[in-house]
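These are the residues of each chain, in order.
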Amino acid sequence: MDPYTTAPGRSRWRRGVYAAGLVIPFTASQLWALLVLLRLAPLDGLVGQAFVLVLVGSAVAIWAGWRWTWQLGRDRDIKPEPAPKTRIPT
């Protein structure tokens, strides 16, 4: 065992799997709740307008969760920060 080797980096698939493990149950519960509301609630008047808002909010939440999962699981090019500019004393 070489004491001078660098520590292994965090693997991207592991982060993606953990994120998907959080997002998949959330997506399923959101879809289940929407189906229950669609079946039980009368969609006329104010309830229909509220249902549209809930539908849009759920779609945005599901999209944001899957976008987060995708970003965690993909390779990122980590760019080093540029060195700070030194000022020349005048």
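For clarity, every value in this text was computed on a predicted model and none was experimentally measured.

Student: Can you help me understand the overall build of the protein chain in this one?
Tutor: On a plain count of helices and strands, the protein chain comes out with two helices and zero strands. Taking all contacts inside the protein chain whose residues are at least 6 apart in sequence as the whole, residues at least 24 apart take part in 76%. Carbon and sulfur atoms make up 67% of the accessible area of the protein chain, which totals about 8,300 Å².

Student: Whenever I open this one, the UniProt feature "transmembrane region" (unreviewed entry) in the protein chain confuses me. Can you help?
Tutor: Taken from the UniProt record, the annotation "transmembrane region" (unreviewed entry) applies to residues 17–40 and 46–66. The distance separating the terminal C-alpha atoms of residues 17–40 is 35 Å; by composition the span is 100% helix and 0% strand. The distance from the first to the last C-alpha atom of residues 46–66 is 30 Å, and the span holds 100% helix and 0% strand.

Student: Help me understand a nonpolar patch on the surface, please; the structure alone is not making it clear to me.
Tutor: Taken together, the side chains of Leu 35, Leu 38, Leu 43 and Val 47 define a hydrophobic patch exposed on the protein surface, amounting to about 360 Å² of accessible area. Its location among the elements puts Leu 35 in helix α1 (residues 12–40).

Student: Explanation requested: the environment of Thr 69 in the structure shown.
Tutor: Mapped onto the fold, Thr 69 is located in helix α2 (residues 46–73). A C-alpha to C-alpha distance of 5.8 Å links Thr 69 and Gly 16, two positions 53 residues apart in sequence. Other than its neighbours up to four places away in sequence, Thr 69 contacts Gly 16, Ala 19, Ala 20 and Val 23.

Student: Looking at this structure, I do not really get α2. What am I missing?
Tutor: Residue pairs spaced three or four apart in an α-helix point in one direction, given the helix's 3.6 residues per turn. In this model, α2 (28 residues) spans 41 Å end to end at C-alpha, consistent with the 40 Å of a helix rising 1.5 Å per residue. Taken together, the buried positions of α2 are Gly 48, Phe 51, Ser 58, Ile 62, Gly 65 and Thr 69.

Student: So what exactly am I meant to see when it comes to the side chain of Gln 30 here?
Tutor: Assignment of secondary structure puts Gln 30 in helix α1. Among residues more than four places away in sequence, those in contact with Gln 30 are Ser 58, Ala 61 and Ile 62.

Rules and cut-offs
- Residues numbered from 1 in each chain as written.
- Predicted model: local features only at pLDDT ≥ 70, side-chain atom pairs only at ≥ 80, totals over all residues.
- Heavy atoms only, no water.
- Helix = DSSP H or I, 4+ residues; strand = E, 2+ residues; numbered from the N terminus.
- Contact = heavy atoms within 4.5 Å.
- Areas by Shrake-Rupley, 256 points an atom, 1.4 Å probe, with all protein chains shown as cover.
- UniProt positions renumbered as here; feature names shortened; annotations may be inferred.
- Patch = residues over 30% accessible without salt bridge, like charges linked within 9 Å, V, L, I, M, F, W, Y side chains within 5 Å.
- Salt bridge = Lys/Arg side-chain N within 4 Å of Asp/Glu carboxyl O.
- Expected span 1.5 Å × (residues − 1).
- Buried < 20%, exposed > 50% of the residue type's maximum accessible area, 1.4 Å probe, protein only.

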